[in-house]
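Letter by letter, the chains look like this.
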Amino acid sequence: MVTSTETLAAAVRNIPDFPKPGIQFKDITPILANPKLFEAAIHHLTAPYQPGDVDVIVGVDARGFIFAAAAALHLKAGFVPVRKKGKLPFDTHEESYDLEYGSNTVAIHTDAIHKGSRTLLIDDLLATGGTAVAALNLLNKLEANILEAAFLIELEFLNGRSLLGNVPVRSIISYS
Ligand code: AMP
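For the rest of this paragraph, the subject is the overall build of the protein. When helices and strands are tallied, the protein shows 5 helices and 9 strands. Going residue by residue from the N terminus, the α and β elements of the protein occur as α-β-β-α-α-β-α-β-β-β-β-α-β-β. Relative to a compact globule of 176 residues, whose C-alpha radius of gyration would be 16 Å, the protein shows 16 Å and is just as compact. With respect to the principal axes defined by its C-alpha atoms, the protein has extents near 40 × 40 × 30 Å. Of all 176 residues assigned to the protein, the portion counted as buried reaches 44%. Counting contacts in the protein only where the partners sit at least 6 residues apart, residues at least 24 apart contribute 57% of the total. A total accessible area of about 9,100 Å² is found for the protein, and carbon and sulfur atoms account for 53% of it. Positive and negative side-chain charges of the protein, numbering 15 and 19 respectively, have mean locations separated by a distance of 3 Å.

For the α-helix, the turn length of 3.6 residues means that residues three or four positions removed from each other point alike. The first and last C-alpha atoms of helix H4 (residues 63-74) sit 18 Å apart over 12 residues, in line with the 16 Å expected at 1.5 Å per residue. The complete set of buried residues in H4 reads Gly64, Phe65, Phe67, Ala68, Ala71 and Ala72. Directly after H4, the chain includes lysine 76, whose backbone phi takes a positive value near 55°.

Listed as buried for helix H3 (residues 35-45) are Leu37, Ala40, Ala41, Ile42, His44 and Leu45. Those residues of H3 that are buried are in contact with helix H1 (5-11), helix H2 (29-32), H4, strand S7 (118-126), strand S8 (145-155) and strand S9 (169-175). Looking at where H3 begins, the residue whose side-chain oxygen comes 2.9 Å from the main-chain nitrogen of lysine 36 is asparagine 34.

Rules used in this analysis
- Residues numbered from 1 in each chain as written.
- Predicted model: local features only at pLDDT ≥ 70, side-chain atom pairs only at ≥ 80, totals over all residues.
- Heavy atoms only, no water.
- Helix = DSSP H or I, 4+ residues; strand = E, 2+ residues; numbered from the N terminus.
- Rg over C-alpha atoms; globule rule 2.2 N^0.38 Å.
- Buried < 20%, exposed > 50% of the residue type's maximum accessible area, 1.4 Å probe, protein only.
- Contact = heavy atoms within 4.5 Å.
- Areas by Shrake-Rupley, 256 points an atom, 1.4 Å probe, with all protein chains shown as cover.
- Lys, Arg positive; Asp, Glu negative; His and termini not counted.
- Charge placed at Lys NZ, Arg CZ, Asp CG, Glu CD.
- Expected span 1.5 Å × (residues − 1).
- Polar contact = N/O pair within 3.5 Å; in protein donor to acceptor, adjacent residues only side chain to side chain.

Printed below as a string of structure tokens:
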């Protein structure tokens, strides 16, 4: 039997004031350390799909890589990384977005996804939505067919999903 989303949620460790005062950091390492919970996380993230339904799963640097890569194997899809600027060795597209202080830039290889490929974006957590919007903008530059953006955790009160436009958003664990 697959572990419930409630059991998964109970395994997320809340760390107050990390990395700075006022942030409730959602630590997913207890899920990763337990194979039943990790398997359940991948099961729930990929639940709407069968192998053959998805061509590419995109993961965002760095915790997104863990879930997206495992989901890609599960669905027999390719895995594509969206990395922080300056880390990818080949030609890249870049997107910048604002953080509370300063900005961040993410990048994707220009040949990472063929036009029209059925593509799923996976990240560990949706907060303000800035990271996901930047990643989706990169996918649009490559003319990917974006199926949805899926997150293990959503901080609903930050309303990040409102920034994601027409892209369907799905989350497994949410905090209101
Ligand atoms: P955002 O761009 O605001 O939606 O932030 C999403 C990214 O920041 C995700 O890739 C998360 O890994 C990380 N993040 C933001 N807030 C938290 C939090 N409270 N706990 C853990 N990770 C977070």
